[in-house]
Amino acid sequence: MKPASMDAVFQALASTSRRRILDIVLGMPGCSVNDVCKYFDTSRIAVMKHLRVLERADLIISRKDGRTRELYFNAVPIQLIYDRWTTEYSALWASHVTDIKFKSETKKSKKKRPS
Amino acid sequence: MSETVKQVFRVTIQASLQEVWETLIKEGEPLPFFFGSVLHTPGLQPGAPIRMRTPSNKYTGVVGEVLDFEPPHRYSHTFKFTNLDDPLCKVTYELKEVADGVEFTLIAEEVPRGTKTEKQMSQGGKIITTTLKTLVETGKPTFTARMIMTIGGLTEWATPAKCLSSNWPMDKQLT
């Protein structure tokens, strides 16, 4: 992955609104710009601007289907970043560590309050 | 909400169109980006069957039929995991020349929503795309792909009997 492409991905991800757009598109593959706009109070222009940043980073792919544009989430740039920093050992231990985190956090939230 | 899902995976590969195309359709040797399976086909052309088999030939993981074959830009086929009972879906590979190499897009369509096929496809799509890129650019598959190939080789004995290649001959009608 070229440094410029990696910069584009991190810049695109460094925004709450853009991460929210990724969640929306991930949950609704093939949705339109209008569908995304429904989730925001801001102007359509503002949403379009965020979408352009995400498209430049290849995190969102827009495909023409007849007269409409369909949006898809592309997980590949994130996978490339994962592969870039993950070696045989760190993959094993990092996943153990995240497992412990997720399991203990779920337990904690399930735990009843002491009477 | 529709019954099927479309998934798109894209990456830019710094190589020539021909190089990427030839790597994608290589026959007779394990393909790291397809989890170490070997492509078997009587010849890639519309209507021809394809079978992705383990290097030992004993098991078949994926079966399908070629829909479109337009070298070196587009190749699509029907797709089914032999261990699952989900209906066929469709996979398309698109190659486009861009300024810094080849834009490779993998599209999975008509994937039945909420099935194991959907889950495996969304995991698999990422790995196929990144491994193809790394393999073409460096000559070596990614760590993730190497690990999957090693585990696959070690656990072949645990593959379900319905994946036996004898159950998936070339002339079997796929539904």
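These numbers come from a predicted model, not from an experiment. (Residues numbered from 1 in each chain as written. Chains lettered and ligands numbered in written order. Predicted model: local features only at pLDDT ≥ 70, side-chain atom pairs only at ≥ 80, totals over all residues. Heavy atoms only, no water.)

This paragraph deals with the overall build of chain A. Across its full length, chain A holds six helices and two strands. Tracing chain A from N to C terminus, the helices and strands come up as α-α-α-α-β-β-α-α. Taken against the 2.2 N^0.38 rule, which gives 13 Å for 115 residues, the C-alpha radius of gyration of chain A at 18 Å runs more than 25% over that of a compact globule. Each principal axis of the C-alpha atoms in chain A carries an extent, and together these give about 55 × 45 × 25 Å. (Helix = DSSP H or I, 4+ residues; strand = E, 2+ residues; numbered from the N terminus. Rg over C-alpha atoms; globule rule 2.2 N^0.38 Å.)

What tends to happen in soluble globular proteins is that the nonpolar side chains get buried as a cluster. Counting 40 residues, the largest nonpolar core has B:Val20, B:Leu24, B:Tyr75 and B:Phe104 as the members making the most contacts within it. The residues contacting B:Phe104, other than those within four sequence positions of it, are B:Phe9, B:Arg10, B:Val11, B:Ile13, B:Val20, B:Leu24, B:Tyr93, B:Glu94, B:Leu95, B:Thr129 and B:Leu132. A:Ala8, A:Val33, A:Leu54 and A:Ile81 belong to the second largest nonpolar core, which has 23 residues in total. (Core = buried A, V, L, I, M, F, W, Y, C linked by side-chain atoms within 4.5 Å. Buried < 20%, exposed > 50% of the residue type's maximum accessible area, 1.4 Å probe, protein only. Contact = heavy atoms within 4.5 Å.)

Turning to the interface of chain A and chain B, a few remarks are in order. Across the contact, 20 residues belong to chain A and 20 residues belong to chain B. Both faces combined, the contact of chain A with chain B buries some 1,800 Å², and carbon together with sulfur accounts for 57% of it. It is A:Arg63, A:Val76 and A:Gln79 that lose the most area in chain A upon contact with chain B, and together they represent 28% of the buried surface on that side. Taken together, the connections running from chain A to chain B amount to three salt bridges. With a shortest N-O distance of 3.2 Å, B:Glu94 and A:Arg63 are connected by a salt bridge. Where chain A touches chain B, the interface holds three residue pairs in polar contact (both at pLDDT 80 or more). Of the residues that constitute the side of chain A that touches chain B, the class distribution is 10 nonpolar, four polar and six charged. (Buried area = accessible area lost by both parts, 1.4 Å probe. Salt bridge = Lys/Arg side-chain N within 4 Å of Asp/Glu carboxyl O. Polar contact = N/O pair within 3.5 Å; in protein donor to acceptor, adjacent residues only side chain to side chain. Nonpolar A, V, L, I, M, F, W, Y, C, P; charged D, E, K, R; others polar.)

A few words now on the pattern of salt bridges. Note on pairing: side chains with opposite charge can pair once their charged atoms come close. Applying the stated rule across the entire model yields 12 salt bridges over all chains. Salt-bridge contacts for A:Lys101 lead to A:Glu105; the nearest nitrogen and oxygen are separated by 2.8 Å. Taken together, the residues A:Lys101 and A:Glu105, both in helix H6 (residues 88-110) and four residues apart, mark about one turn of the helix. Look at A:Glu105 and you get partly exposed, because its relative accessible area is 41%. For the salt bridge of B:Arg74 with B:Asp68, the shortest nitrogen-to-oxygen distance reads 3.1 Å. Residue B:Arg74 is classed as partly exposed on the basis of its relative accessible area, which comes to 22%. Here the residues in one salt-bridge network are A:Arg63, B:Asp68, B:Arg74 and B:Glu94, joined through shared partners.

Next up on the list: the confidence of the model for chain B. Residue and element names in this part refer to chain B. For chain B, per-residue confidence averages 93 on the pLDDT scale, and 99% of positions sit at 70 or higher. Element-level mean pLDDT values for chain B span from 77 in helix H3 (residues 143-154) up to 98 in strand S6 (residues 89-98). This complex was scored by the predictor with a pTM of 0.86 and an ipTM of 0.81. (pLDDT = per-residue confidence, 0-100.)

For the rest of this paragraph, the subject is the sheet that holds strand S5 (residues 74-81) of chain B. All names here are of chain B. The strand order across the open sheet formed by seven strands is S1-S7-S6-S5-S4-S3-S2, and the pairing between neighbours is antiparallel. Single-partner strands in this sheet number two, and they are strand S1 (4-13) and strand S2 (38-40). If you compare each strand with its neighbour and ignore which way they point, the axes differ by 25° on average. Across the sheet, helix H1 (residues 17-24) touches S1, strand S4 (60-70), S5, S6 and strand S7 (101-112), and the angle it forms with S6 is around 160°. (Pairing = 2+ DSSP bridges. Axes fitted to C-alpha atoms, helices over the stretch in contact; angles between N-to-C directions.)

Let's shift gears to the pairing of S6(B). Residues and elements named next belong to chain B. Bridge analysis of S5 against S6 gives six bridges, and the strand direction is antiparallel. Paired with histidine 77 across the strands is valine 91, a residue of S6. With nine bridges connecting them, S6 and S7 associate as antiparallel partners. What sits directly across from glutamate 94, in S7, is threonine 105. Taking the residues between adjacent antiparallel strands as the criterion, S6 and S7 are bridged by two residues.

With that settled, consider helix H4 (residues 44-56) of chain A. Residue and element names in this part refer to chain A. A rise of 1.5 Å per residue sets the reference length of H4, with its 13 residues, at 18 Å; its end C-alpha atoms lie 18 Å apart and thus fit the reference within 8%. Within H4, burial applies to Val47, Leu51 and Leu54. Along the long axis of H4, the arc covered by the buried residues comes to 60°, so they all point the same way. The outward face of H4, more than 90 degrees from its buried face, is lined by the exposed residues Ile45, Lys49 and Arg56. Packing partners of the buried residues in H4 comprise helix H1 (3-13), helix H2 (16-27), helix H3 (33-37), strand S1 (60-65) and strand S2 (68-73). With its phi angle positive at about 70°, aspartate 58 sits one or two positions after the end of H4. (Expected span 1.5 Å × (residues − 1). Arc of directions from axis to C-beta.)

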